[in-house]
Amino acid sequence: MDDQLEISEANKEKNQIIVNRKYKFNLWYITNNTKIFQCTKCKTVKKCKSYIILNDNNKVIKYENKHTHPGKEYDASVSIVKHKMKNEIRKTSIPFDINSKHI
C-alpha cells in the first residue's frame, strides 16, 4: 500500500485513520484480532463503500479503496490538528488531586 496512513483520534477518544490527508475512516467494530474502519462518508448520500482492516499491530490487512466521493484535504487536516492539540493539552495539563463527592 503506497498510501500515507495516519492514526488519529476522533470525537469521544475513538481511533480514526486518515489516508493521504484526504479521506477519513472511523473505527466501525473490533473482532478478535482485527479492527475495521469505514469511510466517514458511508452513511451520507454518497454511500461510500471504502474500508480498512488492521491487525493487532495496526498493520493494514486490507484497504478497499472504492471511494464514491472526492477527498477533502481541509477536513482531514483539521482532524489531524485537533488530535495533536488534544495530545499536547493532555501532556501539559496539571493534574489536580480532587476527589468528587456525591451530594
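Structure: see above.
Worth saying up front: this structure is predicted, and the values here are computed from it rather than measured. Here, residues in each chain are numbered from 1, in the same order as that chain's written sequence. With the structure being a predicted model, the display of local features is reserved for residues of pLDDT at least 70 and the display and counting of side-chain atom pairs for 80 or more, all residues being used for whole-chain, interface and lining totals. Here the side-chain values reflect all heavy atoms present in the structure, with hydrogen atoms and water set aside.

1. A closer look at the pairing of strand S3 (residues 23-30)
Turning to step 1, where the next piece is worked out: At least two bridges found by DSSP between two strands are what make those strands a pair. Helix and strand assignments follow DSSP, with helices taken as H or I runs no shorter than four residues and strands as E runs no shorter than two, numbered in order from the N terminus. Here strand S2 (residues 15-19) pairs with S3 via four bridges, running antiparallel. Looking across to S3, one finds that Val-19 is bridged to Tyr-23.
Turning to step 2, where the next piece is worked out: Between S2 and the antiparallel strand that follows it, S3, lie three residues; Asn-20 among them carries a positive phi value of about 55°.
Turning to step 3, where the next piece is worked out: In this sheet, strand S4 (residues 34-39) lies alongside S3 in antiparallel orientation, the contact comprising five bridges. Its bridge partner lying in S4, Phe-25 is registered against Cys-39.
Turning to step 4, where the next piece is worked out: Where S3 hands over to S4, the hairpin turn is made up of three residues, counted between the paired strands.

2. Here we look at the packing of aromatic side chains
Turning to step 1, where the next piece is worked out: Think of it this way: a Phe, Tyr or Trp ring, Trp meaning its six-membered ring, pairs with another when their centres are within 6.5 Å, and the plane angle makes it stacked under 30 degrees, edge-to-face over 60, tilted otherwise. For the structure on display, the rule yields two aromatic pairs.
Turning to step 2, where the next piece is worked out: Centroid distance Phe-25 to Tyr-63: 5.9 Å. Interplanar angle 80°. Geometry classified as edge-to-face. Pair noted here: Phe-25 is in strand S3 and Tyr-63 is in strand S6 (residues 60-64), with a separation of 38 residues, a long-range link.
Turning to step 3, where the next piece is worked out: Residue burial is assigned from relative accessible area. The probe radius is 1.4 Å, only protein chains are included, and a residue is buried under 20% of its type maximum, exposed over 50%, and partly exposed in between. Judged by its relative accessible area of 0%, Phe-25 falls in the buried class.
Turning to step 4, where the next piece is worked out: Taken together, a centroid distance of 5.0 Å and an interplanar angle of 65° make the contact between Trp-28 and Tyr-29 edge-to-face.
Turning to step 5, where the next piece is worked out: Tyr-29 sits in the partly exposed class, given a relative accessible area of 38%.

3. Some details on the nonpolar core
As a rule of thumb, nonpolar side chains are buried together in soluble globular proteins.
Turning to step 1, where the next piece is worked out: To define a nonpolar core, start from buried Ala, Val, Leu, Ile, Met, Phe, Trp, Tyr and Cys residues and group those joined through side-chain atoms within 4.5 Å. Formed by Ile-17, Val-19, Tyr-23, Phe-25, Phe-37, Cys-39, Cys-48, Ile-52, Leu-54 and Tyr-63, the largest nonpolar core amounts to 10 residues.
Turning to step 2, where the next piece is worked out: Secondary structure elements with two or more residues in this core: S2, S3, S4 and strand S5 (51-55).

4. Overview of unusual backbone geometry
Turning to step 1, where the next piece is worked out: Even without a glycine there, the phi angle at Asn-58 is positive, about 60°.
Turning to step 2, where the next piece is worked out: Relative to the elements of secondary structure, Asn-58 occurs in the loop between S5 and S6.

5. Quick word on the environment of Val-60
Turning to step 1, where the next piece is worked out: Along the chain, Val-60 falls in strand S6.
Turning to step 2, where the next piece is worked out: Val-60 sits 26 residues away from Thr-34 along the chain, and the two C-alpha atoms are 9.7 Å apart.

6. Topic: the pattern of salt bridges
Turning to step 1, where the next piece is worked out: Salt bridges are defined as contacts in which a side-chain nitrogen from Lys or Arg sits within 4 Å of a carboxyl oxygen from Asp or Glu. Taken as a whole, this structure holds two salt bridges when the rule is applied.
Turning to step 2, where the next piece is worked out: Between Lys-62 and Glu-64 there is a salt bridge whose closest N-O contact spans 3.6 Å.
Turning to step 3, where the next piece is worked out: Assessed through its relative accessible area of 37%, Lys-62 is described here as partly exposed.
Turning to step 4, where the next piece is worked out: A salt bridge links Lys-66 to Glu-64; the shortest N-O distance between them is 3.3 Å.
Turning to step 5, where the next piece is worked out: On the basis of relative accessible area, Lys-66 is assigned to the exposed category, the value being 51%.

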